[in-house]
Amino acid sequence: MSQVLHPIEQKILRALLEKQNLTPEELSQKTELSIDQVRRGIEWLRFKDLIKISESEKHFVSLGTRGIEASEKGLPERQLVNHLKSLFGYSCEMDEAKNQLKNEFSAAIANAKKNGWIEIHENRILLKGYHDVTSDERLIKTIASRSPAVISLDEIEDKNALDSLKKRPDFLTVNSTKYVTVVLTEKGVETASQSSSQTTDAYLTRAIDVEAPTPTIFAARTHPLQDIIDEVREIFVSLGFTELIGNSTQSSFWNFDALFIPQDHPAREMQDTFYLKNMSAKKVATPNQIKRISAAHEKVWHYDWQLNEAKRMVLRTHTTCVTVKALADNKYDEARLFSIGRVFRNEKVSYKHLVEFNQVEGVVVGKKVTLRDLMGLQMEFYRKIGIKKAKFWPTFFPYTEPSLQSMIYNERLGKWVELFGMGIFRPEVTKPLRIKTPVLAWGGGIERIAMLRFGLDDVRELYNNKFSWLRSVPKCQ
Amino acid sequence: MPVVTLYFNRLQKILERKVSIEKIVSALPLLGLDIEEETKDHVNVEYSPNRPDFSTDYGIANGLQGLLGIKLGMIKLKIKKGKDAIKADSSITKVRPYITAIEARNGILDDETIRQFIAMQEDLHNGIGRRRKKVSIGIHDLDKIQFPLMYNAVSRTHRFVPIGSEDEMTISEVLQKTETGTMYMNLLEGSEMVPAIIDSVGNTISFPPIINSKLTEVTTKSQNLLVEVTATDKNAAEDTLAVVAYILQSAGFQLYSVRISGANNSTPSLDARNMLLDPTLVTETLGLDVSPSVIIKSIRKSRLDGKIKGQRIICTIPRYRADIFGPIDLVEEVALGHCVQNLDPTIPESSSAGQKNRITVLLDAARSTMIGLGYSEVMNFGLVGKHTQYDLTSRDASRMISVADSKSQEHHILRDALLPGLIDVLSKNIHEPYPQKIFEIGTIFDKDNPIKEAIHLGCVSAHGDVSYSEIKSILHSFLKTGFNLPCKTTADVNPVFVEGRTANVLVNEEEIGLIGEVAPAIIDNFRLRIPVAGFEIKLSGLIFD
């Protein structure tokens with residue numbers, strides 16, 4: 001079978017096979033479908049190139065004011081005849097008839113004479129023997145019998161009657177209307193004849209056009225970036241990590257000082273870090289923690305460490321402040337922790353930089369953990385998230401030593417791009433906080449993973465909240 | 001991060017070995033250098049500011065020689081005893097107390113070498129010099145100077161001809177009229193007297209930390225140089241001097257000491273130092289079972305020296321490697337010398353089961369309940385603009401939390417509510433079909449000390465027939481389906497919503513948020529052409545503590 005047609009389509013095709021050039025209304029009549037069903041069917045069939053729509057003009061004839069009068073009382077000549085019939089001797093004076101018929105008098109006389117119904121002798125009208133129904137009368141009757149009282153020009157067979165009535169003022173009105181009609185295309189004729197010769201009618205009426213397009217419904221959904229965050233979180237959990245959550249607003253102490261970033265370090269300047277205006281923490285850490293951290297700074301960096309500087313509130317520049325505080329508070333012998341959260345950098349917003357983005361960070365605490373383990377965990381993470389090629393390069397972070405960065409291969413761009421940074425916490429970080437076991441740490445921006453996954457070149461796209469984009473991203477990739 | 005331009009033909013000459021461009025480019029990242037841009041004849045690399053010895057192609061060439069096995073071990077600073085002297089006057093103590101210097105003689109300078117030196121000087125100023133506040137460097141044509149030099153404080157009416165100018169200027173004029181003067185004048189604020197280096201015939205050769213004099217300008221004709229470093233910290237001054245000396249020696253200059261004295265200043269030694277390294281620290285940290293002799297070989301590839309002493313290794317570290325604080329930094333040098341790409345990843349065993357935070361689990365539940373109600377999630381920033389957050393929404397800005405010096409007007413305050421951002425999202429999507437139904441779960445900030453951070457749920461619905469009842473039904477269904485919490489709404493007034501169609505939301509008699517039809521004036525402000533209703537409730541303290 002070439003094409004499955006909807007029952008609506010079939011009915012329309014069959015009707016057209018019998019008679020072309022039908023209007024939707026005529027089709028509705030013939031097929032007994034509702035006008036809406038017909039219109040829908042016409043659209044489908046047009047889409048399949050089985051029918052064509054053509055515009056044509058149709059003329060309609062209806063009765064004018066005198067025509068309506070005539071349909072009720074008869075034509076003037078008939079009225080004259082009827083009047084004469086009612087009189088003794090079947091005759092009357094001209095003046096009497098004039099009074100009776102008023103404006104219609106001359107028309108009545110002229111037509112009755114023409115029909116051979118009357119004779120006039122010395123100002124007197126005499127009825128003759130024959131006065132049968134005329135074709136004019138028949139036409140008026142036909143039109144009047146319609147509801148509404150309109151007839152298509154094509155339907156009028158007696159063109160003489162039409163012409164004669166048209167000559168008489170106000171008896172008929174002729175209107176023309178533009179009409180849409182439907183015609184089968186060649187393909188349509190073929191399909192329609194096949195379809196009508198099909199014997200499996202029962203099957204056909206049940207089958208529908210499974211190839212026809214349908215509208216898309218945009219399902220309510222989570223934000224694509226949230227999906228990536230969830231995926232990253234699941235991977236960490238599957239690798240045995242427990243999630244930490246911490247505040248976005250932090251004291252400089254935990255964001256910088258505890259991580260061995262000296263107070264005059266360029267990263268702490270306002271052009272890189274968001275300081276909260278006129279906000280200082282009341283209490284940043286225990287007196288012992290403060291004493292030991294400040295001593296570590298002064299010993300290596302040779303400057304006067306200031307508590308007030310450490311109290312200044314910042315929007316965290318990394319989630320490491322949350323991790324390091326958890327390590328200092330809990331003194332784990334062994335642990336696997338991770339956190340995912342917003343971090344902030346005072347940057348100019350561009351296609352590659354946002355002022356606020358999501359960072360994931362993991363730490364492993366353990367007596368025997370090594371740099372190679374740290375590399376192995378990265379590879380495992382990348383494998384799980386679908387990144388096939390990764391390699392490691394040395395780099396520098398103030399609070400880790402040794403430090404590495406991982407480079408991953410972006411298949412789409414055909415080049416290596418930086419992803420996570422990692423390292424082992426420096427003794428200048430761990431010792432003052434009484435963390436006795438080595439700590440492996442790594443982290444990086446989740447938006448980068450999202451950009452890789454969604455093929456984005458502009459990171460801002462993730463936060464534009466354009467429905468067109470949000471709806472276009474497949475939920476599973 | 002600072003950037004160095006490396007021309008391949010020049011680098012190949014400095015390497016003293018024909019190394020292919022391909023090999024150079026693949027080796028650079030293994031020194032910790034990030035390739036920023038690569039062309040046919042040069043490559044731009046970023047280096048980390050803790051490695052100022054990589055601030056020129058000479059320093060990077062030394063690193064490459066080690067890594068590629070061309071030359072191993074430490075490069076010793078060979079400093080001959082010189083005759084010249086600088087004396088610091090006690091007047092300088094309160095202004096910029098420390099000076100140190102060295103001479104570099106018999107070198108050849110071409111345009112590219114001078115360009116490399118100038119770039120190095122700027123990088124050192126910005127990094128270790130903390131934008132010249134802590135340390136600044138002056139490099140001079142030695143043959144234009146009459147020794148001994150005096151380092152002292154002068155008044156702001158002191159006159160000299162600064163580099164880049166033809167005319168004599170006062171110190172005040174220099175600070176106002178020259179580019180570096182205006183850039184760094186703040187460093188001298190609060191002191192009437194400023195530092196100057198003046199030679200024995202009264203010529204000013206430098207006005208640190210701002211500008212050198214025209215007299216001693218270095219050109220391609222200069223053969224002998226004086227490097228002076230002034231600082232607020234003696235150690236940092238000598239570390240910086242060591243880096244410059246190292247680069248000049250690598251560029252073919254011979255180094256001569258300059259005698260420094262006066263006001264707590266002294267002649268720098270710039271000697272290498274020794275540090276003990278326990279081989280077990282290397283094997284335990286890297287997870288690499290290697291012998292002490294292999295460790296020494298890797299150390300030497302990183303251009304340090306090492307020899308075995310009993311159970312340990314004595315490492316020798318040149319003065320220009322001030323980034324090495326302790327043994328763990330030597331472990332990294334071993335890793336680099338061994339080459340990071342020769343380390344095979346291993347997976348540590350773990351007996352622990354992982355776990356999501358309980359808050360995450362509950363927020364996920366909240367999210368999926370909203371999805372079930374037909375609402376889609378959007379994500380906005382926490383750091384937002386005042387215009388949207390307060391002005392366009394007629395909200396009270398008295399408890400606004402601002403950040404200092406933001407580079408963007410769209411990100412300078414912390415949001416205290418989610419609804420403004422949600423309405424803003426609708427305004428970005430006016431060409432999309434309605435109904436539009438969205439929600440956000442995010443952190444909001446309340447001004448207090450400490451700042452209170454809470455997680456809120458915000459939700460808006462926009463379409464022609466939207467109503468208070470519809471959004472209340474969503475709120476009620478969310479709380480019921482998600483958390484089996486009953487809620488009440490009591491009439492209230494709120495500038496965001498239409499009066500008479502807004503309420504407070506209460507759960508167990510506690511106020512948790514607000515709900516209503518958004519006021520027409522706000523709809524107008526956001527150029528929306530359709531009615532909006534919404535609610536915002538706190539989740540912190542409601543579904544978790």
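Before reading further, recall that the structure is shown in the block above.
As the structure is a prediction and not an experimental result, all values here were calculated from the model.

Student: Got a sec to walk through the overall build of chain B? Specific residues and values, please.
Tutor: The secondary structure content of chain B amounts to 15 helices and 29 strands. Compactness check: chain B gives a C-alpha radius of gyration of 33 Å against a globular reference of 24 Å for 545 residues, more than 25% above the reference. Its C-alpha atoms give chain B principal-axis dimensions of about 90 × 65 × 45 Å. Taking the contacts inside chain B whose residues are at least 6 apart along the sequence as the reference set, 71% of them involve residues at least 24 apart. Of the roughly 23,300 Å² of accessible surface on chain B, a fraction of 48% belongs to carbon and sulfur atoms. The average position of the 60 basic charges and that of the 68 acidic charges among the side chains of chain B differ by 6 Å.

Student: Residue-level account of helix H13 (residues 419-427) of chain B, with values.
Tutor: Residue pairs three or four apart in sequence face the same way in an α-helix, which turns once every 3.6 residues. Buried residues dominate H13 of chain B, accounting for 8 of its 9 residues. Leu419, Pro420, Gly421, Leu422, Ile423, Val425, Leu426 and Ser427 of chain B are the residues of H13 of chain B that are buried.

Student: Explain the nonpolar core residue by residue, including any values.
Tutor: Counting residues in each nonpolar core, the largest one holds 89 residues, and the members touching the most others are Val232, Phe381, Trp442 and Leu462 of chain A together with Leu277 and Leu330 of chain B. Leu11, Leu30, Leu64 and Leu109 of chain B belong to the second-largest nonpolar core, a separate cluster that totals 59 residues.

Student: Please set out the sheet that holds strand S17 (residues 273-277) of chain B residue by residue, giving values where relevant.
Tutor: Residues and elements named next belong to chain B. The strand order across the open sheet built from 3 strands is S17-S19-S18, with neighbouring strands paired in antiparallel fashion. Looking at the sheet topology across the chains shown, the edges are occupied by S17 and strand S18 (305-309). Pairs of neighbouring strands in the sheet enclose a mean axial angle of 25°, with direction left out of account. Pairing between S18 and strand S19 (residues 312-317): 5 bridges, direction antiparallel.

Student: Give me the interface of chain B and chain A: which residues, what numbers.
Tutor: Counting residues at the interface gives 77 residues for chain B, matched by 87 residues for chain A. Between chain B and chain A we count 6 salt bridges in total. A salt bridge links Arg130 of chain B to Asp264 of chain A, with the shortest nitrogen-to-oxygen separation between them at 3.0 Å. At the surface where chain B touches chain A, the tally comes to 34 residue pairs in polar contact (both at pLDDT 80 or more). Mapped onto the side of chain B that touches chain A, the elements with two or more residues apiece are helix H8 (279-286), helix H10 (327-338), helix H11 (358-372), strand S20 (376-377), strand S22 (401-402) and strand S24 (436-446) of chain B. Tallied by class, residues from the side of chain B that touches chain A come to 30 nonpolar, 26 polar and 21 charged.

Student: How would you summarise the sheet that holds strand S1 (residues 3-7) of chain B if you had to cite specific residues and measurements?
Tutor: Residue and element names in this part refer to chain B. If you walk across this open sheet you meet the 3 strands as S1-S3-S2, and the pairing is antiparallel. The sheet is open, and its two edges are formed by S1 and strand S2 (34-38), each paired on a single side. Across the sheet, the mean angle separating the axes of adjacent strands is 30° when strand polarity is ignored. Two strands pair when backbone bridges link them, and S1 and strand S3 (residues 42-46) are joined in this way by 5 bridges, in the antiparallel orientation. In the strand pairing of S3, Val4 is matched with Val45. With respect to the sheet, helix H1 (residues 8-15) is in contact with S1 and S3, its orientation differing from that of S1 by roughly 80°.

Student: Now, about the packing of helix H6 (residues 94-101) of chain A against helix H7 (residues 105-114) of chain A: what can you tell me, with residues and values included?
Tutor: Residue and element names in this part refer to chain A. Contact geometry for H6 and H7: axes closest at 8 Å, N-to-C directions at 120°. Looking at the two axes, H6 sits oblique to H7. Residues Met94, Ala97, Lys98 and Leu101 of H6 lie in contact with H7, whose contacting residues are Phe105, Ala108 and Ile109. Grouping the amino acids of the contact of H6 with H7 by side-chain chemistry returns 6 nonpolar, no polar and 1 charged.

Student: Please set out the pattern of salt bridges residue by residue, giving values where relevant.
Tutor: Under the defined criterion, the tally for this structure stands at 61 salt bridges over all chains. A salt bridge links Glu309 of chain A to Arg312 of chain A; its shortest N-O distance comes to 3.1 Å. The partner of Glu517 of chain B in a salt bridge is Arg501 of chain B, with the nearest N and O atoms 3.0 Å apart. Here Arg501 of chain B lies in strand S27 (residues 497-507) and Glu517 of chain B lies in strand S28 (residues 510-518), a separation of 16 residues in the sequence. For Glu517 of chain B, a relative accessible area of 11% gives the class buried. Taken together, the shared-partner salt bridges connect Glu234 of chain A together with Lys356, Asp364, Arg367 and Glu377 of chain B into one network.

Definitions and cut-offs
- Residues numbered from 1 in each chain as written.
- Chains lettered and ligands numbered in written order.
- Predicted model: local features only at pLDDT ≥ 70, side-chain atom pairs only at ≥ 80, totals over all residues.
- Heavy atoms only, no water.
- Helix = DSSP H or I, 4+ residues; strand = E, 2+ residues; numbered from the N terminus.
- Rg over C-alpha atoms; globule rule 2.2 N^0.38 Å.
- Contact = heavy atoms within 4.5 Å.
- Areas by Shrake-Rupley, 256 points an atom, 1.4 Å probe, with all protein chains shown as cover.
- Lys, Arg positive; Asp, Glu negative; His and termini not counted.
- Charge placed at Lys NZ, Arg CZ, Asp CG, Glu CD.
- Buried < 20%, exposed > 50% of the residue type's maximum accessible area, 1.4 Å probe, protein only.
- Core = buried A, V, L, I, M, F, W, Y, C linked by side-chain atoms within 4.5 Å.
- Pairing = 2+ DSSP bridges.
- Axes fitted to C-alpha atoms, helices over the stretch in contact; angles between N-to-C directions.
- Salt bridge = Lys/Arg side-chain N within 4 Å of Asp/Glu carboxyl O.
- Polar contact = N/O pair within 3.5 Å; in protein donor to acceptor, adjacent residues only side chain to side chain.
- Nonpolar A, V, L, I, M, F, W, Y, C, P; charged D, E, K, R; others polar.
- Parallel < 35°, antiparallel > 145°, perpendicular 65-115°, else oblique.

Purely geometric numbers; function is a separate question.
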